[in-house]
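# Observations on chain architecture
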Amino acid sequence: MARENAKPGAFSIEEMVLTNFDRSERVDIEGMYLDVSLFEDVYAPCMTCAVTLIDSQGLLDQLPIVGDERLSIRFHTPGELTSFSNEYHIHKINNQVQAKMRSQAYTLHGASPPLTLSNTMQVSAAYGPKLGSTIATDVFSEHFSKLTTKRLLTVEPTRGLQRYIFPRVSPMIAMRMLASESESDSSPSSSYMFFENHRGYHFATLEYLSTKPTKDTFYLGMQNVNLDNQVDGINPSKIIRTIERNNSPDTIRALNTGYLGSTTFAIDLVSKKFDTITYSYQRDFNKVKQVGEADMPVLDSKSRLLDGSDESTSRFIATTGFRDSSQYINLREQQYPRSRQKFAAIEAAYLLQQAHTNRKTITIPGYSELAAGDVIDLVIPEQSETKNSKLEEAKFESGSYLVTSVCHNFNSSGEYINIVECTKGSFESKPRNVRE
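Residues numbered from 1 in each chain as written. Predicted model: local features only at pLDDT ≥ 70, side-chain atom pairs only at ≥ 80, totals over all residues. Heavy atoms only, no water.

### A few points about the side chain of Q104
Following the sequence through the fold, Q104 ends up in strand β7 (residues 103-111). Filtering out sequence-adjacent residues up to four positions away, Q104 remains in contact with L53, I54, D55, L60, Q96, V97, Q98 and A99. (Helix = DSSP H or I, 4+ residues; strand = E, 2+ residues; numbered from the N terminus. Contact = heavy atoms within 4.5 Å.)

Next up, the structure:
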């Protein structure tokens, strides 16, 4: 049965099993759950969960549940080719209350095993000279492969051979160190993220994720719309139930955080050189890859808010960006290209602020294949009375969005929804007809 023909929010549980701390006993808890929330986020290295149970079997004492269990969950949306599947390491139990005379309710909190178990391992080794993306692959295969069966699915290529020395840090910290210091071979901002969704792990920039093909299109409905470009006739599984505008553009915040402009002071301690780099929203907007067809900035060149905005926020970094001007270094370390770190830092600061500037949270019928890091299209109508019930797309809101987080939530009543947080690459994005 195709998803288009299935009831919106329908789902089928294939497995929901809790394994005790010494892995000697497995209990099927499908008939015990009250509410399940599964979280994935591009800003978080691992997935998490919160599962509320109504326990009349005395599992807390009989299994027992002590905070070191494994929870395996697998389910799918009817008509989808793949299932949502993940294993969680239970690390906390709270909200314990008496439900009935001989039953109690409580919530199990878990995270993917690498988040907790990586603290029991250390990366204490030197890598390189290699590409940062190659080192990330090596660290993942040498350490994460012992903690999870998931693969590193996305590795965006970095530029320049690098040497890294990890001083007795956990594998999780090592990957995040690489993400913070790597320079992309194709994305100007080098805003690398290391994160997990239910498909696997990813090491990529926000710009790289923004250029992915659109996963699906969702529509915000209006009543009494019955013409050609309408919500009537669109499959109910693609209708947005609720929408929340989390962060609309805030001029004061933009000035204080470097969104409209900032300055980076860079020093190279080896070549003893110093430089100042500025970012201007008006001048440099098109240098950074955007989600969708973002081809014009919010403010035009006549806006007084852009006057001197380069100086609104400043930062100081150490860089290797001047070393190719040293004859001594060029003779001995020719494999090191000119670093873009001083430019990437300032562009990444803008991009991360942009990601938090125009965010929306939507609720849609459950879609098990949707994941953090996907790109979706939203069709949002103008919030005004229209002639002849004709539906017009909102110029500033419709278009492509990058999914930054997804909560898969289902309950014992049989309702499955996705709570999706997404961000747009530009406030004034050119709208397009996504139905064509």
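Now that the structure has been shown, the text picks up again.
### Re the pattern of salt bridges
Under the defined criterion, the tally for this structure stands at 15 salt bridges. The salt bridge involving E14 is made with R74; its shortest N-O contact spans 3.0 Å. With a gap of 60 residues between them, E14 in strand β1 (residues 12-19) and R74 in strand β5 (residues 70-76) connect regions that are remote in the sequence. Take R74: its relative accessible area is 29%, and that puts it in the partly exposed class. When the shortest N-O distance is used, the salt bridge between D374 and R199 registers 2.8 Å. Taken together, the positions of D374 in the loop between β19 (359-365) and β20 (375-379) and R199 in the loop between β11 (192-197) and β12 (200-205) put the pair 175 residues apart, joining distant regions of the chain. Assessed through its relative accessible area of 32%, R199 is described here as partly exposed. Counted as one network, the salt bridges with shared partners bring together E14, E15, R26 and R74. (Salt bridge = Lys/Arg side-chain N within 4 Å of Asp/Glu carboxyl O. Buried < 20%, exposed > 50% of the residue type's maximum accessible area, 1.4 Å probe, protein only.)

### Regarding the sheet that holds β12
The 3 strands are arranged β9-β12-β11 in an open sheet whose pairing can be described as mixed. For this open sheet the edge positions go to β9 (152-155) and β11, each flanked by a neighbour on one side alone. Here the average twist between neighbouring strands, direction ignored, is 15°. Judged from the 6 bridges that link them, β11 and β12 form a sheet pairing that is antiparallel. Note that in β12 the partner of M193 across the bridge is A204. Lying over the sheet, helix α3 (residues 132-143) contacts β9, β11 and β12, oriented at roughly 170° with respect to β9. Helix α4 (residues 171-181) contacts β11 and β12 of the sheet and is inclined by roughly 140° relative to β11. (Pairing = 2+ DSSP bridges. Axes fitted to C-alpha atoms, helices over the stretch in contact; angles between N-to-C directions.)

None of this, on its own, says anything about what the molecule does.
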